[in-house]
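A closer look at the structure
Residues per chain are reported as follows:
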Amino acid sequence: MNGSGTKDEKRLIVFLDCGDTIIDEGTEVRDEHDIVIEGKVIPGADVMVKTLAERGYRLALVADGRAQSFVNLLTMNGVYDCFETMIYSEPIKASKPSPRMFKAAIGAMDLSERDVGRIVMLGNNLSRDVKGANAMGMISVHLDWTPRYPKVPADASETPMYTVSDPMEFVELVERLNAALTASEASSASTAS
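Attention in this report is confined to the structure presented alongside it. (Residues numbered from 1 in each chain as written. Predicted model: local features only at pLDDT ≥ 70, side-chain atom pairs only at ≥ 80, totals over all residues. Heavy atoms only, no water.)

1. Examining the sheet that holds strand β5 (residues 85–88)
Test applied: Each pair of strands is called paired provided DSSP finds at least two bridges between the two strands. Numbering of helices and strands runs from the N terminus, with a helix taken as a DSSP run of H or I at least four residues long and a strand as a DSSP run of E at least two residues long. Lines fitted to the C-alpha atoms define the axes, with helices restricted to the stretch that makes contact. Angles between their N-to-C directions range from 0 to 180 degrees. The contact criterion used is simple: two residues touch if any of their non-hydrogen atoms lie within 4.5 Å.
A sheet is described by the order of its strands in space; here 6 strands give the open sequence β5-β4-β1-β6-β7-β8, paired in parallel fashion. Only two strands of the sheet have a single partner each, and these edge strands are β5 and β8 (162–164). Between one strand axis and the next, the sheet turns through 20° on average, direction left out of account. Bridge analysis of strand β4 (residues 58–63) against β5 gives 4 bridges, and the strand direction is parallel. Bridging from a neighbouring strand, Leu-61 pairs with Met-86 of β5. Helix α6 (residues 167–192) contacts β1 (13–16), β6 (119–123), β7 (139–143) and β8 of the sheet and is inclined by roughly 145° relative to β8.

2. Looking at the nonpolar core
Put simply, the rule is: For the purposes of this section, nonpolar cores are sets of buried Ala, Val, Leu, Ile, Met, Phe, Trp, Tyr and Cys residues that join through side-chain atoms within 4.5 Å. The cut-offs for exposure are 20% and 50% of the maximum accessible area for each residue type, with area from a 1.4 Å probe on protein chains only; residues under the lower value are buried, those over the upper are exposed, and the others partly exposed.
Ile-22, Leu-61, Phe-83 and Phe-170 are the most contacted members of the largest nonpolar core, which totals 39 residues. Counting residues per element, the ones that place at least two in this core are β1, α1 (45–54), β4, α2 (67–76), β5, β6, β7 and α6. For this core, the leading source of residues is α6, giving 6 residues. Aside from chain neighbours lying at most four places away, what touches Phe-83 is Leu-16, Ile-22, Val-49, Leu-59, Ala-60, Leu-61 and Leu-74.

3. Digging into the side chain of Asp-20
Test applied: Polar contacts, as counted here, are pairs of nitrogen or oxygen atoms within 3.5 Å of one another; within protein the pair requires one atom able to donate a hydrogen and one able to accept it, and residues that are adjacent in sequence qualify only if both atoms are side-chain atoms.
With respect to the helices and strands, Asp-20 occurs in the loop between β1 and β2 (29–30). Within the local environment of Asp-20, its side chain forms a polar contact with the backbone nitrogen of Glu-25, the two atoms lying 2.9 Å apart.

4. Looking at the pairing of β4
The two faces of a sheet get side chains in turn, since along a regular strand they alternate between them. Worth spelling out the cut-off: Place the viewer so that the strands point away; then a crossover is right-handed whenever the path from the first strand over the helix to the second strand goes clockwise.
Most of β4 is tucked away: 6 of the 6 residues are buried. Of the two faces of β4, the one holding Arg-58, Ala-60 and Val-62 and the one holding Leu-59, Leu-61 and Ala-63 are both buried throughout. Where β1 meets β4, 4 bridges bridge the pair, whose relative direction is parallel. The partner of Leu-16 across the bridge, within β4, is Leu-61. For the crossover that starts at β4, traverses α2 and ends in the parallel β5, the hand is right-handed.

5. Some details on the packing of α1 against α6
The description of two helices packed together rests on the angle between their axes and the distance between the axes. Spelled out, the test is: Orientation labels follow simple angle bins: below 35 degrees gives roughly parallel, above 145 gives roughly antiparallel, 65 to 115 gives roughly perpendicular, and whatever is left gives oblique. Just so you know the grouping, Ala, Val, Leu, Ile, Met, Phe, Trp, Tyr, Cys and Pro go in nonpolar, Asp, Glu, Lys and Arg go in charged, and all remaining residues, Gly too, go in polar.
Where α1 contacts α6, the axes come no closer than 8 Å and their chain directions differ by 25°. Taken together, α1 and α6 sit at an angle that is classed as roughly parallel. Within the contact between the two elements, α1 uses Ala-45, Val-47, Met-48, Thr-51 and Leu-52 and α6 uses Pro-167, Met-168, Phe-170, Val-171 and Val-174. The class makeup of the residues in the contact of α1 with α6 is 9 nonpolar, 1 polar and no charged.

6. Topic: the environment of Val-152
If you trace the backbone, Val-152 turns up in the loop between β7 and β8. A sequence separation of 120 residues divides Val-152 from Glu-32, and the C-alpha atoms of the two residues are 34 Å apart.

7. Here we look at the pairing of β7
Across the 5 residues that make up β7, a large majority, 5, are buried. Note that β6 and β7 share 4 bridges and pair parallel. Along β7, the bridge assignment pairs Leu-122 with Val-141. Between the parallel elements β6 and β7, the chain passes through helix α5 (residues 126–136) in a crossover that is right-handed. Pairing between β7 and β8: 3 bridges, direction parallel. Bridged to Leu-143 within β8 is Val-164.

Below you can see the structure in the form of structure tokens.
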């Protein structure tokens, strides 16, 4: 499903949060062990994930929470198989904005530190998703959808590079960023030769 060296291979790598980024946290139902057993997607989020995967983007889930919750939610909403890797805070024993979360995803996708500038991180939480992505040197995007979390950065470290208000707007942004990255790399390659 993901890019495999074709001429149309996407240069941009996409990291996604889950709660209030793909799944509406307000619809989550938990069992007696605090595992999420049910939840609905944010309007358009399932289409966003499937569209990005179908267009050849490599996707990683980078989310705080328990692994089984994400398996349940993403499977029931038909997007589990769209992800190349899934990094959860439970086995990593860290939560965003810890660099351990992002580095685990980079390692799982066989990327290196030099790839960080071509990774875009979409999340709903300025103090976790955006701050963590900014600290790593990634392209940070805030999904300004939920009223559950602050929408104003506490400081410069939480200021996103981009803000989108709905999931399909993110697909358009990813396409623009990928085109700019591809053009920039082509220009650098022709200058170097």
